[in-house]
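If you want the building blocks of each chain, they are given just below.
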Amino acid sequence: MADTEHSRRPRGWLIGIREAIPLLGGYIPVAISFGLISTQAGFSTAETMAISTLIYAGASQFLFVGMAASGSPLWLTVAMTLLINVRHVVYAPNIAPWLPRSRWWPWLMHGLTDQVFALAHSRLPQLPESQRVGWFFGAAMLAWLSWIAGSLLGAVGGEWLTSRWPLLGEVMPFALPALFLVLIVPRFTSRRWAAALSVSVAAALVCTLVGLTNIGIPLAAACGALCFYMVRPPETLGTDKGTTDKGTTREGRPS
Amino acid sequence: MSLELWIGMIVAALGTYLIRLLPLLWMQKRLTRSEADGPVDALPKWLVILGPMMIAAVLGVSLVPRTPDAAGWLATVIGLGVTLAIWRRTRSLGWPVVGGVLTFGVVVIVARSLM
């Protein structure tokens, strides 16, 4: 009976692939842009693919090809690339409590991008332990391969694609804010969290509008965290329903 | 790409990978040490708070439309509203995103044709 139930349950990697599909709407158009810009900057298709496969971090790849093409010193190009990616430092520790023991995790960390982190942070606590490695593998692999495929498309036919379907490149990226909204809304569990999360969203939006996209994410997150510590409603109001002082729900997951 | 640039690219790739990997190894060690307290208690409080804030920040960054004109912003606001409405009904991941993207596209096309 239990075996039948187990066999009926979809496999973890399939769930991961299915749930990561919305990411493609954001990844593929940006990857096409990267492929196009990279070849325009003088990199070959193979080099463009190598950059997307190995570095696999959107903003820093644009910076890398831009700085390299403009003749910036190599050490500065590498340092700036790494500096943009420093924000990833907090991702793995945040999902670590939900990662069951497996020798695959060190390899899978290559796929821990902003978007995969956002998805994993919300979904891993809800999945049974037996499905988590498979789920992460499926989600991260789909995102990675779509990024590489998009870069190839951009390098080979980016100019033709963007001139033929200009609206597609504008509409598809909306999948990302839509997905992040769905991931973040359940965390508005109290006035305190609502205020902090709203500050974080607003600060990131402002940073992007003034051209500080890369620093915007850590800066906005820090503003939100600061707000969380500053806004402490009177305990008698009981506004932190379902959330403990440690910022975790009573079920034991970060709220 | 010159040999020097290839080496630079590989260093950047390796560094990015280590930025993602090393904090995991640090946290796993910390979790092993504090297994008796339960896994969540091993997470530093600032880290528990920073996780959702990072997701909120990624949302904020992605809100700016590719073409940030009136039609783009209007489509963003209406698209987010529809996404939220579908999420409230379905509590799923996929349908709200599909609904939001379709709405965004329709609003952009209609708004551009009227403006």
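The rules behind each value
For every chain, the first residue of the written sequence is number 1, and numbering continues from 1 along that sequence. Chains carry letters and ligands carry numbers; both start at the beginning, A for chains and 1 for ligands, and go up in the order they are written. Only residues with pLDDT of 70 or above have their local features reported here, since the model is predicted, and side-chain atom pairs are shown and tallied only from 80 upward, although totals for entire chains, interfaces and linings are computed over all residues. A run of DSSP states H or I qualifies as a helix once it reaches four residues; a run of E qualifies as a strand once it reaches two. Both are numbered from the N-terminal end. Exposed residues have 12 or fewer other C-beta atoms within 10 Å of their own C-beta, buried residues have 20 or more, and residues in between are partly exposed; the C-beta atoms are placed from the backbone. Here contacts are defined at the residue level, using C-beta atoms placed from the backbone and a cut-off of 7 Å between them. When residue character is reported, Ala, Val, Leu, Ile, Met, Phe, Trp, Tyr, Cys and Pro are called nonpolar, Asp, Glu, Lys and Arg charged, and the others, Gly included, polar. Note on geometry: axes are lines fitted to C-alpha atoms, helical ones only across the stretch in contact, with angles between N-to-C directions running from 0 to 180 degrees. In this scheme, roughly parallel covers angles under 35 degrees and roughly antiparallel covers those over 145, while 65 to 115 is roughly perpendicular and the rest are oblique. A crossing counts as left-handed when the near helix is turned anticlockwise from the far one by less than a right angle, and as right-handed when that turn is clockwise. For the purposes of this analysis, a nonpolar core is taken to be any set of buried Ala, Val, Leu, Ile, Met, Phe, Trp, Tyr and Cys residues that are connected through C-beta atoms within 7 Å. Each residue carries a pLDDT value, the predictor's own confidence for that position, ranging from 0 to 100. Note that the domain bounds were set by an automatic or database domain assignment. The span one expects for a helix is its residue count, reduced by one, times 1.5 Å.

Brief notes about the overall build of chain B
Here's step 1: For chain B, the helix and strand inventory stands at five helices and zero strands.
Here's step 2: For the C-alpha atoms alone, the extent of chain B along its principal axes is close to 60 × 50 × 20 Å.
Here's step 3: Within chain B, the proportion of its 115 residues that are buried is 45%.

A closer look at the overall build of chain A
Here's step 1: Looking only at helices and strands, one finds 13 helices and zero strands in chain A.
Here's step 2: Seen in sequence order, chain A has helices and strands lined up from the N terminus as α-α-α-α-α-α-α-α-α-α-α-α-α.
Here's step 3: Taking as baseline every contact in chain A between residues at least 6 positions apart, the subset at least 24 positions apart corresponds to 73%.

Some thoughts on the interface of chain A and chain B
Here's step 1: Each partner contributes to the interface: chain A provides 77 residues, whereas chain B provides 60 residues.
Here's step 2: Here the side of chain A that touches chain B is composed, by residue class, of 54 nonpolar, 17 polar and six charged.

Notes on the packing of helix α12 (residues 191–209) of chain A against helix α3 (residues 45–62) of chain B
Here's step 1: Look at α12 of chain A against α3 of chain B: their axes get within 7 Å of each other, and the N-to-C directions meet at 40°. Judged by the inter-axis angle, α12 of chain A sits oblique to α3 of chain B. Between α12 of chain A and α3 of chain B the crossing geometry is right-handed. Counted together, Ala196, Leu197, Ser200, Val201, Ala202, Ala203, Ala204, Leu205 and Thr208 of chain A of α12 of chain A and Pro52, Met53, Ala56, Ala57, Leu59, Gly60 and Val61 of chain B of α3 of chain B form the full contact between these two elements.
Here's step 2: Tallied by class, the residues present in the contact of α12 of chain A with α3 of chain B amount to 13 nonpolar, three polar and no charged.

Some thoughts on the environment of leucine 114 of chain B
Here's step 1: With respect to the secondary-structure elements, leucine 114 of chain B resides in helix α5 (residues 94–114).
Here's step 2: Residues leucine 114 of chain B and isoleucine 78 of chain B, 36 residues apart in the sequence, show an inter-C-alpha distance of 16 Å.

Concerning unusual backbone geometry
Residue and element names in this part refer to chain A.
Here's step 1: A positive phi angle, close to 50°, is found at tyrosine 56, a residue other than glycine.
Here's step 2: In this fold, tyrosine 56 is placed in the loop between α3 (45–54) and α4 (58–69).
Here's step 3: Judged by C-beta crowding, with 24 C-beta atoms within 10 Å, tyrosine 56 ranks as buried.

Examining the nonpolar core
Here's step 1: One finds Phe180 of chain A together with Ala57 of chain B to be the most contacted residues of the largest nonpolar core, which totals 99 residues.
Here's step 2: A total of eleven residues in this core trace back to one element, the largest contributor, which is α3 of chain B.
Here's step 3: Residues in contact with alanine 57 of chain B, not counting those within four places in the same chain, are Ser200, Ala204, Gly216, Ile217, Ala220 and Ala221 of chain A.

Considering the environment of arginine 30 of chain B
Residues and elements named next belong to chain B.
Here's step 1: Along the chain, the position of arginine 30 falls in helix α1 (residues 3–33).
Here's step 2: Residue class for arginine 30 comes out partly exposed when judged on the 15 C-beta atoms lying within 10 Å of it.
Here's step 3: Between the C-alpha atom of arginine 30 and that of methionine 54, which follows or precedes it by 24 residues, the distance is 22 Å.

Some thoughts on the confidence of the model for chain B
Residue and element names in this part refer to chain B.
Here's step 1: Scored by pLDDT, chain B comes out at a mean of 88, with 93% of its residues at no less than 70.
Here's step 2: Within chain B, helix α2 (residues 39–42) has the poorest average pLDDT of any element, 58, and helix α4 (residues 70–90) the best, 95.
Here's step 3: Of the two predicted TM-score estimates for the complex, the pTM is 0.76 and the ipTM is 0.84.

Brief notes about the domain arrangement of chain B
Here's step 1: Once the domains are mapped, chain B shows domain 1 (1–62) and domain 2 (65–115).
Here's step 2: In this structure, domain 1 of chain B and domain 2 of chain B have C-alpha centres spaced 32 Å apart.

Some details on α4 of chain A
Here's step 1: Spanning twelve residues, α4 of chain A covers 17 Å between terminal C-alpha atoms, matching the ideal 16 Å at 1.5 Å per step.
Here's step 2: Considered for burial, the residues of α4 of chain A that qualify are Gly58, Ser60, Gln61, Phe64, Val65 and Ala68 of chain A.
Here's step 3: Summarising the contacts, the buried residues of α4 of chain A are in contact with α2 (12–40), α3 and α5 (74–85) of chain A together with α1 of chain B.
Here's step 4: With its phi angle positive at about 80°, glycine 71 of chain A sits one or two positions after the end of α4 of chain A.

As for the confidence of the model for chain A
Here's step 1: Here chain A shows a mean pLDDT of 84. Residues at 70 or above account for 87%.
Here's step 2: Every residue in residues 236–255 of chain A is under pLDDT 50, and counting partners more than four places away or in other chains gives 38 contacts.

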